[in-house]
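Chain residues, written in single-letter form:
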Amino acid sequence: MLKIFFGKHPDEIYNTDVYYKNQYDKMWVMDSFAKKIIADIDDSTVIAPDVIQNDIFGSFNSTELSAGVKTLLLIKNQPNRIFNISNCGDNCAKYILELAENRDIKVTLHHVMNFGSSFSLKVINDRRRKIITDPIEYLMLGHQYLRGGNNEG
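What this report covers is the structure whose coordinates are included nearby. These numbers come from a predicted model, not from an experiment.

1. Examining empty space enclosed by the protein
Alright, step 1. Taken as a whole and assessed by the stated rule, the structure comprises one cavity of 30 Å³ or more.
Alright, step 2. Approximately 30 Å³ is the volume attributed to the largest cavity.
Alright, step 3. Lining the largest cavity, in full, are Ile75, Gln78, Pro79, Arg81, Ile82, Phe83, Ile105, Lys106 and Val107.
Alright, step 4. If one sorts the elements of the lining of the largest cavity by residue count, strand E7 (residues 105-109) sits on top with three residues.
Alright, step 5. Looking at the lining of the largest cavity residue by residue, the classes come out as six nonpolar, one polar and two charged.

Right under this line is the structure:
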């Protein structure tokens, strides 16, 4: 289940780019999920551990991937941490939901990410435990918490 905390959480890793640079394992890009998101989001191909190829940029290592891909790789490989998914674009939303299908993932958001019309998640500000599947309810809760509502967590 995806658990979202809107706003600043004391345990969040806010700058996922810097954190990734200091924590990544070059083998993270070798599994099927990593290859899929790198191809889809960054339009690049994994050639070998820490060697990625792009038609425009040539070969590069995984520290040069997009912030969204790095954040997704962190969530996958360090699921007990709380990462700021505002570092991701909306094109990462389906993959965040995919990662949360089989395990609990707790993240922070500093904007309202577009998860489309079909999703299931919990907004955990003020210790809410209700599962949300309605985009309007999600939007209203995001607005409430990001515009100065209660942010206990």
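2. A word on the packing of helix H1 (residues 16-23) against helix H3 (residues 67-77)
Alright, step 1. Across the interface, H1 lies against H3 with an axial gap of 9 Å and an inter-helix angle of 60 degrees. By the angle between their directions, the pair H1 and H3 is classed as oblique. Pair H1 / H3 crosses with left-handed handedness. Residues Thr16, Asp17, Tyr19 and Tyr20 of H1 touch H3, and the partners they reach there are Ala67, Lys70, Thr71, Leu73 and Leu74.

Thresholds applied
- Residues numbered from 1 in each chain as written.
- Predicted model: local features only at pLDDT ≥ 70, side-chain atom pairs only at ≥ 80, totals over all residues.
- Heavy atoms only, no water.
- 1 Å grid on protein atoms, 1.4 Å probe; cavity = no way out; pocket = protein on both sides within 12 Å on 5 of 7 lines; lining within 4 Å.
- Points joined across faces, edges and corners; volume = space filled by probe spheres on them.
- Helix = DSSP H or I, 4+ residues; strand = E, 2+ residues; numbered from the N terminus.
- Nonpolar A, V, L, I, M, F, W, Y, C, P; charged D, E, K, R; others polar.
- Axes fitted to C-alpha atoms, helices over the stretch in contact; angles between N-to-C directions.
- Parallel < 35°, antiparallel > 145°, perpendicular 65-115°, else oblique.
- Left-handed = near helix turned anticlockwise from the far one by under 90°.
- Contact = heavy atoms within 4.5 Å.

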